[in-house]
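# Residue-level structural notes
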Amino acid sequence: MRQKLIAGNWKMNKNLAETTALIQELLAQMPATNQRVVIAPAFTNLAQATTLCQNTKIEVAAQNMHAAANGAYTGEISAAMLQGVGVNLVILGHSERRAYFNETASQLAEKVHTALQHQMEVIFCFGEELSDRKNNQHFAVVEQQIKDSLFALPAEAWKNIILAYEPVWAIGTGETASPEQAEEMHAFIRQLLANQYGNDLAEQVIILYGGSVKPDNAKEIFGKPNVDGGLIGGASLKASDFIAIIQGAA
């Protein structure tokens with residue numbers, strides 16, 4: 001049985017004081033749950049977040065990292081730097097990183113490789129543009145994104161990979177894939193994994209949905225058999241909404 005996971009990607013929001021306040025609110029309201037709960041604050045607030053979340057239900061993730069161990073990469077953060085402040089989980093491949101910073105499949109494969117070398121877990125994001133879906137290319141696009149960055153991995157590496165399907169047209173737009181559309185894609189993804197690595201591995205991989213998930217639609221989306229939780233954006237910035245989404249996934 002796959003464990004449900006709800007992750008909040010805070011993106012470029014919340015200064016140190018606001019991050020502290022939000023974490024304290026979340027901890028105060030956190031329901032008893034067997035789900036994994038993850039938050040991804042900004043780099044500048046990760047150390048404070050890991051301190052506040054130590055020995056609690058909440059895990060802390062980074063929103064990105066560089067593939068190199070160190071070097072002349074001004075402004076970048078390495079895996080060892082993240083681990084130095086207690087972070088062992090990283091989001092890679094988010095559509096905003098792909099679109100605004102031109103991250104390629106090969107660059108993402110390098111980042112994944114580095115994270116795994118450091119025994120970190122990866123939440124790997126992918127998803128199609130609206131034009132891809134309108135042209136009925138959404139399955140092909142998702143398949144290519146997964147294959148290009150992840151299918152060179154050995155089977156044992158997948159114990160540290162979490163997938164996050166995020167249709168780009170549903171991120172921050174208010175549009176949401178219907179529960180049926182999410183389930184259809186998640187089932188397709190699981191079959192891709194089964195074809196490459198076998199059914200046993202495919203059944204163990206957590207596949208999250210991300211894209212305008214809110215308290216009023218979370219329960220129906222997360223109730224689908226191949227949807228194992230969500231990567232939440234805007235709704236994770238308000239404690240009551242994020243808690244409601246966690247409760248909806250229970």
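Below is a short write-up of the structure. What you are looking at is a predicted structure, and each value in this text was computed from that prediction instead of being measured.

### Some points on the pairing of strand S2 (residues 36-40)
Within S2, five of the five residues are buried, which leaves the element mostly enclosed by the surrounding structure. A two-sided burial pattern is seen for S2, the buried positions comprising Arg36, Val38 and Ala40 on one face and Val37 and Ile39 on the other. Bridge analysis of strand S1 (residues 5-9) against S2 gives five bridges, and the strand direction is parallel. Paired with Ile6 across the two strands is Val37, which belongs to S2. The sheet contact formed by S2 and strand S3 (residues 58-60) spans three bridges and is parallel.

### What about the environment of Ala182?
With respect to the helices and strands, the residue Ala182 is situated in helix H8 (residues 179-197). Each C-alpha atom, one on Ala182 and one on Ile221, is 7.3 Å from the other, the two residues being 39 residues apart in sequence. If we ignore the near neighbours within four places in the chain, the residues touching Ala182 are Ala177, Tyr209 and Val227.

### Quick notes on helix H1 (residues 16-29)
A rise of 1.5 Å per residue sets the reference length of H1, with its 14 residues, at 20 Å; its end C-alpha atoms lie 20 Å apart and thus fit the reference within 8%. Taken together, the buried positions of H1 are occupied by Thr19, Thr20, Leu22, Ile23 and Leu26. Buried positions in H1, seen along its axis, are confined to an arc of 170° and lie on one side of it. Those residues of H1 that are exposed and angled more than 90 degrees off the buried face are Ala17 and Ala28. Buried positions along H1 lie against S2, helix H2 (46-53), S3 and helix H11 (239-249).

The rules we used
- Residues numbered from 1 in each chain as written.
- Predicted model: local features only at pLDDT ≥ 70, side-chain atom pairs only at ≥ 80, totals over all residues.
- Heavy atoms only, no water.
- Buried < 20%, exposed > 50% of the residue type's maximum accessible area, 1.4 Å probe, protein only.
- Helix = DSSP H or I, 4+ residues; strand = E, 2+ residues; numbered from the N terminus.
- Pairing = 2+ DSSP bridges.
- Contact = heavy atoms within 4.5 Å.
- Expected span 1.5 Å × (residues − 1).
- Arc of directions from axis to C-beta.

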